[in-house]
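For reference, the chains in residue letters:
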Amino acid sequence: IHHRAQTWTNSRGKRVRLTVEKFASLDNVHLLALRYRFQTLDEADITLSGGIDGQLWSLGGEHFREYRAFEADGLIAMETVTHRDGVPVVVVEGMHLHGVPPREARIQRGKREILRHLDFHLTAGAEVVLEKVMVVYSGNDVDDPRQRALADAHAGLAAGYEALRACHAERWEAVWAASDIRIHGDPEAQTLVRFNLYQAIIATPTHDYLPIGARGLSCQVYQGAAFWDQEIFNLPMHLYTRPEVARGLLEYRHRTLDGARRKARRLGYYGAFYAWTSGKTGDELFPDYFFTDVLSGRRVRNHFNCWQIHVSPDIVYALWHYYRATGDWQFIAEHGAEIAFEVAQFLVSRIHFKKDRNRYELIRLLGPDEYHENVDNDAYTMYLARFALQKACWIFETLRERESARLEALLTRLGLDESALA
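The shown structure was predicted, so the numbers you read here are calculated from the model rather than taken from an experiment.

Novice: Please set out helix α10 (residues 379-402) residue by residue, giving values where relevant.
Specialist: The terminal C-alpha atoms of α10 lie 34 Å apart, and with 24 residues this matches the ideal 34 Å at 1.5 Å per residue to within 8%. Every buried residue of α10 is accounted for by Thr381, Leu384, Ala385, Phe387, Ala388, Lys391, Ala392, Ile395, Phe396, Thr398 and Leu399. Structurally, α10 contributes buried residues whose contacts are with α8 (311-326), α9 (329-350) and α11 (404-414).

See below:
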């Protein structure tokens, strides 16, 4: 819950005391609530303006098209559609006013905005309290985002700010009960740890099979895509506090297996080569050519998406540690085995046999530091590759012992047979 309080003085010396409290609900992830309280310390005319502003700066170009503002049963709303996939997005706002009523209320519509303007004449000490709910839905969430957004806004207003806040706080209490780290005797360290826990928690989607966006919610760079950071850095925190969240992140990788398969085929391999930058489908979003030489005009090849092969075994490493922590064999049988087998197939197709040294090598790699390009056999990638192959073999043999029919069906679907184990 975010708080702000200040006394503002305008150029004529008129003072207004502002208190703002707002939160993005953990109880309903589509809803945000706000309580905006202001008190005039001097007699003054006040105009309060607010609403939905679609004038957004978007990194990499405009994301939306077909903006349409509308009103419905006292609510104001903005409806738009994404450029690439045509996904509808709806934002709805509703409000209740308490205290001194406005002398005039009007709604202004622009090309990409819909705003409320409330005019007040307030005596010294008069107070106005504005309570808002804002709801966001998209076509990725429900079939009819407009109706759901309107319904949630009405329900939120009917419940009232205090009730919404209480439900939100109750959900957070459960999260902290599972995830808090307590440090005695060092308040600064305690604050810093909780701040970072908070950032990690809010950056992790729990309402759908979505990835943890690199850079969290701090900027538009990487635009919410998943990187290998998710499995190696983010997932362990959830694994030992809220394992159901960790499972959801791993199920995202299973749902995007086809994208990893397409990437492997495009680069001349087979199996599953997971994307360095993975979005909704799992296809590689990072371009092959990202920069242009300023002198020659020659396009410069980017190798992040083809030499950083440890991304695939990283995911096997993560799913194995999920299994160790939870004992969730069902996940391995239904999802993990297919991931592990396809990653193993990719590694087999990517490995080179060096006859002069009589050994297998992984050449032309980009290691986890992401600076040393075109290196051979870096320790991290070699360890993770061997780890992934070993676990694929263990899962294969264990499936054969425990659920031979399931193994046979999976091998048939993947076009493999028992020779793959060798």
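Read on, since the account is not over.
Novice: I'd like a description of the packing of aromatic side chains, backed by residues and values.
Specialist: Tallying each qualifying case throughout the model produces 27 aromatic pairs. For the pair Tyr36 and Phe38, a centre-to-centre distance of 6.3 Å together with 65° between the ring planes defines the contact as edge-to-face. Residue class for Tyr36 comes out partly exposed when judged on its relative accessible area of 22%. The exposure class assigned to Phe38 is buried, which follows from its relative accessible area of 2%. On the numbers, 5.7 Å between centres and 85° between planes, the contact of Tyr269 with Phe346 is edge-to-face. Of the two residues, Tyr269 sits in the loop between α6 (257-266) and β11 (289-292) while Phe346 sits in helix α9, which places them 77 residues apart along the sequence. Residue classification places Phe346 among the buried positions, given a relative accessible area of 0%. Here the aromatic cluster, defined as three or more aromatic residues joined through ring pairs, consists of Tyr222, Phe227, Trp276, Phe286, Phe290, Phe291 and Phe304. Sitting over the ring of Tyr289, Arg299 keeps its end group 4.0 Å from the ring centre. Lying across the ring of Trp329, Arg402 places its NZ or CZ 4.5 Å from the centre.

Novice: Residue-level account of the sheet that holds strand β4 (residues 44-53), with values.
Specialist: Strand pairing in a sheet relies on backbone hydrogen bonds. The paired strands run either parallel or antiparallel. In spatial order, the strands read β4-β9-β8; together these three strands make up an open sheet with antiparallel pairing. This sheet does not close on itself; its edge strands, each paired only once, are β4 and β8 (104-109). The sheet shows a mean angle of 20° between the axes of neighbouring strands, taken without regard to direction. Bridge count between β4 and strand β9 (residues 113-122): 10 bridges; the pairing is antiparallel. Each residue of the ladder has a partner; that of Leu48, found in β9, is Leu118.

Cut-offs and rules
Residues numbered from 1 in each chain as written. Predicted model: local features only at pLDDT ≥ 70, side-chain atom pairs only at ≥ 80, totals over all residues. Heavy atoms only, no water. Helix = DSSP H or I, 4+ residues; strand = E, 2+ residues; numbered from the N terminus. Expected span 1.5 Å × (residues − 1). Buried < 20%, exposed > 50% of the residue type's maximum accessible area, 1.4 Å probe, protein only. Contact = heavy atoms within 4.5 Å. Phe/Tyr/Trp six-rings, centres within 6.5 Å; stacked < 30°, edge-to-face > 60°. Lys NZ or Arg CZ within 6 Å of the ring centre and 35° of its normal. Pairing = 2+ DSSP bridges. Axes fitted to C-alpha atoms, helices over the stretch in contact; angles between N-to-C directions.

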